[in-house]
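# Reading the structure
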Amino acid sequence: MAQDLVNTLADLKEQEAIKIVKDRLSAGEDPLKILGDARKGMEIVGKRFASSEYFIPDLVYSGEILKAVTEMVKPKLTKTTESKKLGKVVFGTVAGDIHDIGKDIVVFMLDVNGFEVHDLGVDIPAQKFVDKIKETGAPVVGLSGFLTLAFDSMKETVEAIKAAGLRDKVKVMIGGGQMSDEIKNYTGADAYGKDAMAGVSLAKKWIGAS
Amino acid sequence: MEKQWAEMSSDEKQEALFQRWMAPKDSQGKDLKFQSPQTEKAYKGNITRIKDAIQMKKLPDRVPVFLCPSFFPAYYAGITPQESMYDYDKCCMAFKKFILDFKPDGHLGAYVPGTGKALEILDYKLYSWPGHGVSPDVSYQANEGEYMKANEYDALIDDPSNFFSNIYLPRVFGALEGFKMLPTLTGILEMYGVALNFIPFGLPPVQAAYKAFFEAGTEALKWIGAIGAWNDEILAAGFPIIVAGFTKAPFDVIGDTLRGTKGVMLDMYRQPDKLLEALDRLTPLMIKMGIGAAQTSGHPLVFMPLHKGADGFLSDAQFKKFYWPTFRKVMMGLIAEGVVPMPAAEGRWTTRLEVIQDLPKGKTLWMIDQSDIAKAKKTLGKVACMYGNVPSDLLVVGTPQKVKDYVKNLINTCAKGGGFIVSNGAFFDQAKAENVHAVVDTTKEYGVYK
């Protein structure tokens, strides 16, 4: 039955997945095991996205199924165990820009690939990135932006990280609508990621997990 | 005239609309007076060049060049986007300076900023605009949300007008909350229904909503007064406005501002039949909207901003099932009435090119952003004129030489045999002026057909 949940979730069969969880919960199974299987299903979703078998709607839908499963399991949880994470990443859409679709996809992919992502949200001032890096000690920072105004915000964010004396402690990636390698150079970031998978590869490389 | 129109073929209708564009009216409805015979010649020359590029029958005298900015003219003139949305004179000043300084063959007019005051009166929720949710010095931006709930497809399908007035407007405009109480007007079919059905119009929330409606209308009139005078002046100086109005692909109607990105994506799995039915229901409405825009403005090009069909946003199968059929139907409906649909393929559409080339030749005009342009030329480019592809990042951080090289390469790749217009690929805010000049100047110098 464990394999069933992994596969039904990976195959995006919402109703079936929910039924399996319901049955397993009423059979008194350890909720942590159920969550673990759901997690494995999500890893397969991530892999299928990486190989272009799945697209953004599939990610969004799998996220909804996972949310439903988590909500069912949560009340039964007595203890939480932290699964081992590859490393920490601070992520956000830079100041002036309120777009979140692209950012959310990369955060999602980092998460299913085992990173501990600290998602700051949208329209994030440079100082907030700095504060979060200090607080978490994350070695990887992701700056997202859709509009051309984000070029300068990203540049200012990288400069603020530098001014805080943290530049040699973190690697910075940028991504979103009008970003490119030219803009990477302009902002002083370390890399530009063309899509969510590129973001995951960069994080893995920098954290030494690839 | 009416009868004549009905008897025309779609080719003749397109030609008639081009002719109307060629002989423009001013904002008072009279024949536009050009500044001089030279500017009249320039105006007609620009339209002829654009028309030849679109129709793909005749080689234009040179590759045309468009500039399609978002708030760049405001920054360039030293005002904020906020000022351009609230001070119509300043807005007109900025956009005039932009047109006269850069001299593109075609441009979008001064419509982008719109009226901030009317949005305030209506308490608009769907967008954040400068000073309202985003800082005064940045562009307006959409607030993603489910402005139509998952269980409201039937309401939309059964009666779209009623859905928009009673459900959608109160949700999107805070000041129109009272419209929730509006009656369904079919109740007025009999005399005794009149009194009953007019009761809601006497209620304070409904009257307050209408008050906001009228105030916003007054403000919009004030705005169009300024913009209309601006149009007269800019047209008279020889610079045609390329867009008559807009319509949308039905999938984007639902995916952008009704169900939202996430909502529409989930509906493809959870209620695909309802989604398909709604797409069909919206199709004739979007055709009508586009034709109306072309007829009112008196020119054939109708803009279609495309969003959720881009690479990755749908699988190939989903694109073919949910996005393309009704999008194509809207375009074909417009084409039948002589309208030239102008879809803007924002972002990357490289994986869609094979599908979207299924169109009659010389009837559409596509804005291409970051799609593989060489591949686009070999597919879509066989049947449709394309414009765009000069990247925003290049305009911001590039040099005039780099822009020049890019534009030359673009012309070499795409302009052979006609059917291509140089332009920026995405609506831009920030840019170096010298780079924008390089786009126009390189095209005018290097794009001449010999």
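Residues numbered from 1 in each chain as written. Chains lettered and ligands numbered in written order. Predicted model: local features only at pLDDT ≥ 70, side-chain atom pairs only at ≥ 80, totals over all residues.

### Things to note about the overall build of chain A
- Each helix and strand counted, chain A has nine helices and five strands in total.
- When the helices and strands of chain A are listed from N to C terminus, the series reads α-α-α-α-β-α-β-α-β-α-β-α-β-α.
- Whereas a compact globule of 210 residues would reach a radius of gyration of roughly 17 Å, chain A reaches 18 Å, a difference of no more than 12%.
- Viewed in the frame of its principal axes, chain A has a C-alpha envelope of about 55 × 35 × 30 Å.
- Split into buried and exposed, the 210 residues of chain A put 50% on the buried side.
- In chain A, the proportion of contacts linking residues at least 24 apart, taken out of those at least 6 apart, comes to 73%. (Helix = DSSP H or I, 4+ residues; strand = E, 2+ residues; numbered from the N terminus. Rg over C-alpha atoms; globule rule 2.2 N^0.38 Å. Buried ≥ 20, exposed ≤ 12 C-beta atoms within 10 Å, placed from the backbone. Contact = placed C-beta atoms within 7 Å.)

### Thoughts on the overall build of chain B
- Helix and strand counts for chain B stand at 20 helices and eleven strands.
- Seen through its principal axes, chain B has C-alpha atoms that stretch 75 × 50 × 50 Å.
- When contacts within chain B are restricted to residue pairs at least 6 apart in sequence, those whose partners lie at least 24 apart make up 73%.

### Notes on the interface of chain A and chain B
- Contacts between the two partners involve 21 residues from chain A and, on the opposite side, 29 residues from chain B.
- Those elements that provide at least two residues to the side of chain A that touches chain B are helix 4 (56-73), helix 7 (149-163) and helix 8 (181-187) of chain A.
- Here the side of chain A that touches chain B gets five residues from one element, more than from any other, and that element is helix 4 of chain A.

### A closer look at helix 2 (residues 14-26) of chain A
Residues and elements named next belong to chain A.
- The end-to-end C-alpha distance of helix 2, which contains 13 residues, comes to 19 Å, matching closely the 18 Å that a straight helix rising 1.5 Å per residue would cover.
- All of the buried residues in helix 2 are Ala17, Ile20, Val21 and Arg24. Each buried residue of helix 2 lies within a common arc of 100° when the element is viewed along its axis, so the set occupies one face. Residues Gln15, Lys22 and Ser26 are exposed on helix 2 and point more than 90 degrees away from its buried face.
- One or two positions beyond helix 2, positive phi appears at Gly28, with a value near 80°. (Expected span 1.5 Å × (residues − 1). Arc of directions from axis to C-beta.)

### Some details on the sheet that holds strand 3 (residues 140-144) of chain A
Residues and elements named next belong to chain A.
- An order of 2-1-3-4-5 is seen for the five strands of this open sheet, with the pairing classed as parallel. The sheet is open, and its two borders are formed by strand 2 (116-119) and strand 5 (191-192), each paired with just one other strand.
- By the bridge criterion, five bridges tie strand 3 to strand 4 (residues 171-175) in an arrangement that is parallel. Opposite Gly142, over in strand 4, you have Met173 as the bridge partner. (Pairing = 2+ DSSP bridges.)

### Observations concerning the confidence of the model for chain B
- Mean pLDDT over chain B: 96, with 99% of residues reaching 70 or higher.
- Confidence estimates for the predicted assembly give a pTM of 0.95 and an ipTM of 0.91. (pLDDT = per-residue confidence, 0-100.)

### A few points about the nonpolar core
- Grouped together as the largest cluster of nonpolar side chains are 204 residues, with contacts concentrated most on Leu122, Val302 and Met386 of chain B.
- If we skip the residues at most four places from it in the chain, Leu122 of chain B touches Phe173, Ala175, Leu176, Ala212 and Ala216 of chain B. (Core = buried A, V, L, I, M, F, W, Y, C linked by C-beta atoms within 7 Å.)

### Looking at the packing of helix 6 (residues 88-102) of chain B against helix 11 (residues 204-236) of chain B
All names here are of chain B.
- In the contact formed by helix 6 and helix 11, the axes pass within 10 Å of each other and the chain directions differ by 20°. Relative to helix 11, helix 6 is oriented roughly parallel. Crossing of helix 6 against helix 11: the hand is right-handed. Across the interface between the two elements, Tyr88, Asp89, Cys92, Phe95, Lys96 and Ile99 of helix 6 pack against Trp223, Ala226, Trp230 and Ile234 of helix 11.
- The residue inventory of the contact of helix 6 with helix 11, partitioned by class, reads eight nonpolar, no polar and two charged. (Axes fitted to C-alpha atoms, helices over the stretch in contact; angles between N-to-C directions. Parallel < 35°, antiparallel > 145°, perpendicular 65-115°, else oblique. Left-handed = near helix turned anticlockwise from the far one by under 90°. Nonpolar A, V, L, I, M, F, W, Y, C, P; charged D, E, K, R; others polar.)

### Points about the environment of Ala336 of chain B
- When you line up the elements, Ala336 of chain B lands in helix 15 (residues 316-336).
- Sequence spacing of Ala336 of chain B and Gly418 of chain B is 82 residues, and the spatial spacing of their C-alpha atoms is 23 Å.

### Structural notes on the domain arrangement of chain A
Residue and element names in this part refer to chain A.
- Domain assignment breaks chain A into domain 1 (2-76) and domain 2 (88-207).
- Here the C-alpha centroids of domain 1 and domain 2 sit 28 Å apart.
- Taken together, the contact pairs nine residues of domain 1 with six residues of domain 2.
- Ranked by residue count, the leading element in the side of domain 1 that touches domain 2 is helix 3 (residues 31-50), at six residues. (Domains from an automatic or database assignment.)

### Focus on the pairing of strand 7 (residues 301-306) of chain B
All names here are of chain B.
- Burial analysis of strand 7 places five of its six residues in the buried class, the great majority of the element.
- When strand 6 (residues 245-246) meets strand 7, the two strands line up parallel, connected through two bridges. Looking at the pairing, Phe246 lines up with Phe303 of strand 7.
- Note on the crossover from strand 7 through helix 15 to strand 8 (residues 340-345): the handedness is right-handed. (Right-handed = clockwise from strand over helix to strand, strands pointing away.)

### Looking at the pairing of strand 1 (residues 88-93) of chain A
- Judged by how many residues are buried, strand 1 of chain A sits mostly within the fold: five of six residues are covered.
- What joins strand 1 of chain A to strand 2 of chain A is helix 5 (residues 101-112) of chain A, and the crossover it makes is right-handed.

### Re unusual backbone geometry
Residues and elements named next belong to chain B.
- Look at Asp123: it is not a glycine, yet its phi comes out positive at around 55°.
- With respect to the helices and strands, the residue Asp123 is situated in the loop between helix 7 (116-122) and strand 3 (127-130).
- Taking the number of C-beta atoms within 10 Å as the measure of exposure, Asp123 has 14 and is therefore partly exposed.
- One non-glycine residue, Asn389, lies in positive phi territory at about 75°.
- Positionally, Asn389 belongs in strand 10 (residues 385-390).

### Examining the sheet that holds strand 4 (residues 133-134) of chain B
Residue and element names in this part refer to chain B.
- Pairing in this open sheet of three strands is mixed, and the strands run 4-3-5 from one edge to the other. Sheet topology places strand 4 and strand 5 (141-142) at the edges, where each strand pairs with a single neighbour.
- Direction of pairing for strand 3 relative to strand 5: antiparallel, over a ladder of two bridges. Within the sheet, the bridge partner assigned to Ser128 lies in strand 5 and is Gln141.

### Overview of helix 11 of chain B
Residues and elements named next belong to chain B.
- With 33 residues, helix 11 should reach 48 Å at 1.5 Å per residue; the first-to-last C-alpha distance of 47 Å fits that figure.
- Summarising the contacts, the buried residues of helix 11 are in contact with helix 3 (37-55), helix 6, helix 7 and helix 10 (191-202).
- At the exit of helix 11 stands Gly238, carrying a positive phi of roughly 105°.

### Some details on the packing of helix 14 (residues 272-297) of chain B against helix 15 of chain B
All names here are of chain B.
- Between helix 14 and helix 15, the shortest axis-to-axis distance is 9 Å and the interhelical angle comes to 25°. One way to sum up the angle between helix 14 and helix 15 is to call them roughly parallel. Like other packed secondary-structure pairs, helix 14 and helix 15 cross with a definite hand, here right-handed. Residue-level inspection shows Leu275, Leu279, Asp280, Thr283, Met286, Ile287, Gly290 and Ile291 of helix 14 in contact with helix 15, the latter providing Phe322, Thr326, Lys329, Val330, Gly333 and Leu334.
- When grouped by side-chain class, the residues that make up the contact of helix 14 with helix 15 number eight nonpolar, four polar and two charged.

### Side note on the environment of Lys57 of chain B
Residue and element names in this part refer to chain B.
- Tracing the backbone shows Lys57 in the loop between helix 3 and strand 1 (66-67).
- For Lys57, a count of 10 C-beta atoms within 10 Å translates into the label exposed.
- Considered as a pair, Lys57 and Lys361 are 304 residues apart in the sequence and their alpha carbons are 9.4 Å apart.

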